Amino acid sequence: MTHYLDFEKPLAEIEGKAEELRAMARANPEMDIESEAAALDRKAADMLRDLYKKLTPWRKCQVARHPDRPNGKDYIAALFSEYTPLAGDRNFADDHAVMGGIARFEDRPVVVIAHEKGHDTATRLRHNFGMARPEGYRKAVRLMELADRFGMPVVTLVDTPGAYPGKGAEERGQAEAIARSTDACLRIGVPIVSVIIGEGGSGGAVAFATANRMAMLEHSVYSVISPEGCASILWKNADKMREAAEALRLTAQDLKQLGVADTIIPEPLGGAQRDRTGTIERVGTEIGKMLKGLSGMDRDALIAARRKKYLGMGKTALAG
Amino acid sequence: MNWISNYVRPTINSLFSRREVPENLWTKCDSCGTMLFHRELADSLNVCTNCGHHMYIAPRARFDRLFDNGIYRDVPVPAALADPLQFRDQKRYPDRMRAAQRATGEAEAMLVAEGEMGRTPVVAAAQDFAFMAGSMGMHVGNALVAGAERALDRRSPLIVFTAAGGARMQEGILSLMQMPRSTVAVQMLREAGLPYIVVLTHPTTGGVTASYAMLGDIQIAEPGALICFAGPRVIEQTIREKLPEGFQSAEYLLEHGMLDRVTARKDMRDELIVITRMLMGLPPAIKGELPPPGPAPKPEATADAAPGQAPDAGAGTDAKA
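Residues numbered from 1 in each chain as written. Chains lettered and ligands numbered in written order. Predicted model: local features only at pLDDT ≥ 70, side-chain atom pairs only at ≥ 80, totals over all residues. Heavy atoms only, no water.

Caption draft 1: Region of the structure containing the overall build of chain A. The secondary structure content of chain A amounts to 14 helices and eight strands. At 21 Å, chain A has a C-alpha radius of gyration in line with the 20 Å of a compact globule built from 320 residues. The C-alpha extent of chain A, read off along each of the three principal axes, is 70 × 50 × 40 Å. Burial status across chain A gives 57% buried among its 320 residues. Here the contacts in chain A between residues at least 6 apart in sequence split such that 71% fall between residues at least 24 apart. (Helix = DSSP H or I, 4+ residues; strand = E, 2+ residues; numbered from the N terminus. Rg over C-alpha atoms; globule rule 2.2 N^0.38 Å. Buried < 20%, exposed > 50% of the residue type's maximum accessible area, 1.4 Å probe, protein only. Contact = heavy atoms within 4.5 Å.)

As structure tokens, then:
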């Protein structure tokens, strides 16, 4: 079952009709509907192309949150071999919103850290919808330090609505845990590359996305606050999320212009959810490229380049 | 430049300055409701003399009492791009900025200054909650980097007084990028072996707490300060239950191991002197009132030398007395 977003409803109707026709033809083999169905297919393809040619920022947010988009664990399964999950923060718990461990990427040992949102009700609850608690960030710090000691590059895959706003999370130092994770990203003497595969939600994303190179999928977003949150604060009305999404300039395209994202990974027509395998492959190719670009650099050069990149941000403005 | 900027503007400013002519001689304590006379309130550093509630204090008022004899010099902060996203909600961002500048008399939400505190050279930065809720935009990142660089030049500690509603939404992703940028500033101090001390004041929240505000070598908070990542309202909406009394207060965080100390504003300066001098490997400070800083007495000089000497002229033209 394809999950359609609200703006895809007209498309759902056409694709539904074509599917209905074909189902009828299967039941009555003498019916000739192929030319009619093919026309509907063409119409659907045109509509898909038009819809995705220029997605509004709010629609991009919806695509970035699409339930059928590949998740962190899908990328790990497809792109890394010998993935060996390593659990826990050695203090309190293992946070299932953050997956991490050692693995091979193109045969080279690396540390991989990824948000995992889950794909159905049971797994979403288990992974807390990709909203990490302090333990998740502390596990990430531990893994980054491990990578640093053993000279392994770090790959992070970012997909989170944000850090979890809960009572226990606050009591156990959510803010401090995020700060230490960003600190680790900037401190380690090994290459760190990051891909925003869906939602880059505020501080919860910064803690992993602070990297030598950062790529974003074409329809992913990265923002200081969710459009809904921004709308309820600045417009005093959470329904103004479309306006907020426009104003925040949170798309991969705007972030590339601002120098925050280094590259944009094109998504298949109709978004990552329409061709999961193709999307994952493209992300793999980009991770390979980013790592290769950093391979000749020593510890000091890697750290210095990272600092220079962040200190230099904010020199370019966007046109209105 | 010319007589307009050199003479007319300061004159106009001095006519309308809020600090010169208090509009309101009485302030009501936010907590107990006691009416406090402005002079009495200023003497107590905006702490209620009845209930001890710590109220808002402007960065300059804090600096006036932090540095020896109120002498300090502003550390220049490189200008950030104005309105990089051309952000507009119900108001335009530049209009919000102008309103904040008019209300506070400051250019931005963080001030950086250098001077001496108990004869200990320090660089201090203070966030101004009255300026767009102290929000962290590019200026705050630039201010912290400038503060760290000045501390490195002088080999002195950096003390940061935090207060913010979080990141400045009007600067979008660039405000979020101040989390890593400010972290780089902290790392520069760490590598140079210089103390980085954070004083968390009411309120410190969001991306500010989740970056430089929680990375101090020493973490001190003012009594009653709200310190959190997610605010109480957001959490109550998420977990759908009432939060306990005092949740996310400085005292609550101290109990949960997130802070080194909770210290009253009136004791903060002395405590900062003790801490910075120990961390810098300096001998204990001389207790009591400091003599006005002047030229060091020559060994043969007698005790009657220069009682009314002018304050150190080296503090420059930006100095506030």
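Caption draft 2: Region of the structure containing the interface of chain A and chain B. At the junction of the two partners, chain A supplies 49 residues and chain B supplies 48 residues. Roughly 4,200 Å² of surface becomes buried between chain A and chain B when both sides are summed, with 71% attributable to carbon and sulfur atoms. Considering only the surface of chain A that becomes buried against chain B, Glu170, Leu234 and Arg307 of chain A emerge as the three largest contributors, covering 15% of it. Across the salt bridge formed by Glu191 of chain B and Arg307 of chain A, the nearest N and O atoms sit 2.6 Å from each other. The tally of links from chain A across to chain B stands at 13 residue pairs in polar contact (both at pLDDT 80 or more). Elements with a minimum of two residues in the side of chain A that touches chain B: helix H7 (167–171), helix H8 (174–187), helix H9 (202–209), strand S7 (221–223), helix H10 (227–235), helix H11 (241–248) and helix H14 (299–311) of chain A. Partitioning the side of chain A that touches chain B into residue classes produces 26 nonpolar, 11 polar and 12 charged. (Buried area = accessible area lost by both parts, 1.4 Å probe. Salt bridge = Lys/Arg side-chain N within 4 Å of Asp/Glu carboxyl O. Polar contact = N/O pair within 3.5 Å; in protein donor to acceptor, adjacent residues only side chain to side chain. Nonpolar A, V, L, I, M, F, W, Y, C, P; charged D, E, K, R; others polar.)

Caption draft 3: Representation of the pairing of strand S2 (residues 98–105) of chain A. Residues and elements named next belong to chain A. Taken across its eight residues, S2 has six buried, putting it largely inside the fold. Pairing of strand S1 (residues 81–85) with S2, which is carried by three bridges, proceeds in the antiparallel orientation. Following the sheet pairing, Ser81 is matched in S2 by Arg104. Pairing analysis gives eight bridges linking S2 to strand S3 (residues 108–115), with the strands arranged antiparallel. Bridged to Val98 within S3 is His115. Connecting the antiparallel pair S2 and S3 is a turn made up of two residues, with Glu106 showing a positive phi of about 50°. (Pairing = 2+ DSSP bridges.)

Caption draft 4: Spotlight on the nonpolar core. Ranked by size, the top nonpolar core spans 118 residues in total, and within it Tyr222 and Val260 of chain A together with Tyr212 of chain B carry the most contacts. Each residue touching Val260 of chain A, except ones within four places of it in the same chain, is listed here: Met214, Tyr222, Leu255 and Met313 of chain A together with Ile173, Leu174 and Met177 of chain B. (Core = buried A, V, L, I, M, F, W, Y, C linked by side-chain atoms within 4.5 Å.)

Caption draft 5: Representation of empty space enclosed by the protein in the model. Scanning the model with the defined rule gives two cavities of 30 Å³ or more in all. There is about 130 Å³ of room inside the largest cavity. In terms of lining residues, the largest cavity is bounded by 17 residues, among which Glu170 and Gly173 of chain A together with Ile227, Leu253 and Met258 of chain B are the most central. When residues of the lining of the largest cavity are traced back to their parent elements, those giving at least two are H7 and H8 of chain A together with helix H10 (250–255) of chain B. Take the lining of the largest cavity: its biggest share by element is three residues, from H8 of chain A. Taken as a whole, the second largest cavity holds about 30 Å³ of empty space. As for the second largest cavity, its lining consists of Leu144, Leu158, Ser182, Ala185, Val186, Leu189, Tyr196 and Tyr212 of chain B. Here the lining of the second largest cavity takes four residues from helix H7 (residues 178–192) of chain B, the largest share from any one element. Tallied by class, the residues present in the lining of the second largest cavity amount to seven nonpolar, one polar and no charged. (1 Å grid on protein atoms, 1.4 Å probe; cavity = no way out; pocket = protein on both sides within 12 Å on 5 of 7 lines; lining within 4 Å. Points joined across faces, edges and corners; volume = space filled by probe spheres on them.)

Caption draft 6: Expanded view of the environment of Ser81 of chain A. Residue and element names in this part refer to chain A. Here Ser81 shows up in strand S1. Expressed as a C-alpha distance, the spacing of Ser81 and Ala37, which sit 44 residues apart in the sequence, is 42 Å. Apart from residues lying up to four places away in sequence, Ser81 is in contact with Ala103 and Arg104.

Caption draft 7: Fine view of the packing of aromatic side chains. Taken as a whole and assessed by the stated rule, the structure comprises eight aromatic pairs over all chains. Positioned above the aromatic ring of Tyr164 of chain A, the side-chain terminus of Arg133 of chain A is 4.6 Å from the ring centre. (Phe/Tyr/Trp six-rings, centres within 6.5 Å; stacked < 30°, edge-to-face > 60°. Lys NZ or Arg CZ within 6 Å of the ring centre and 35° of its normal.)

Caption draft 8: Expanded view of the pattern of salt bridges. Residues and elements named next belong to chain A. All told, the structure shown has 42 salt bridges over all chains when counted by the stated rule. Of the charged contacts in the structure, one is a salt bridge between Glu171 and Lys167, with a shortest N-O distance of 3.6 Å. Separated by four residues within a single helix, Glu171 and Lys167 lie in helix H7, roughly one turn from each other. One connected set of salt bridges, linked through shared partners, spans Arg65, Lys117, Asp159, Glu199 and Glu228.

Caption draft 9: Representation of unusual backbone geometry in the model. Going from His202 of chain B to Pro203 of chain B, the amide bond is cis rather than trans, its omega being -20°. Relative to the assigned elements, Pro203 of chain B resides in strand S7 (residues 196–204). Residue Glu106 of chain A is not a glycine yet carries a positive backbone phi of 50°. By the secondary structure assignment, Glu106 of chain A is in the loop between S2 and S3. Located in the positive-phi region is Arg119 of chain B, a residue other than glycine, with phi close to 65°. Within the element layout of this structure, Arg119 of chain B appears in the loop between strand S4 (110–117) and strand S5 (120–127). On the basis of relative accessible area, Arg119 of chain B is assigned to the partly exposed category, the value being 36%.

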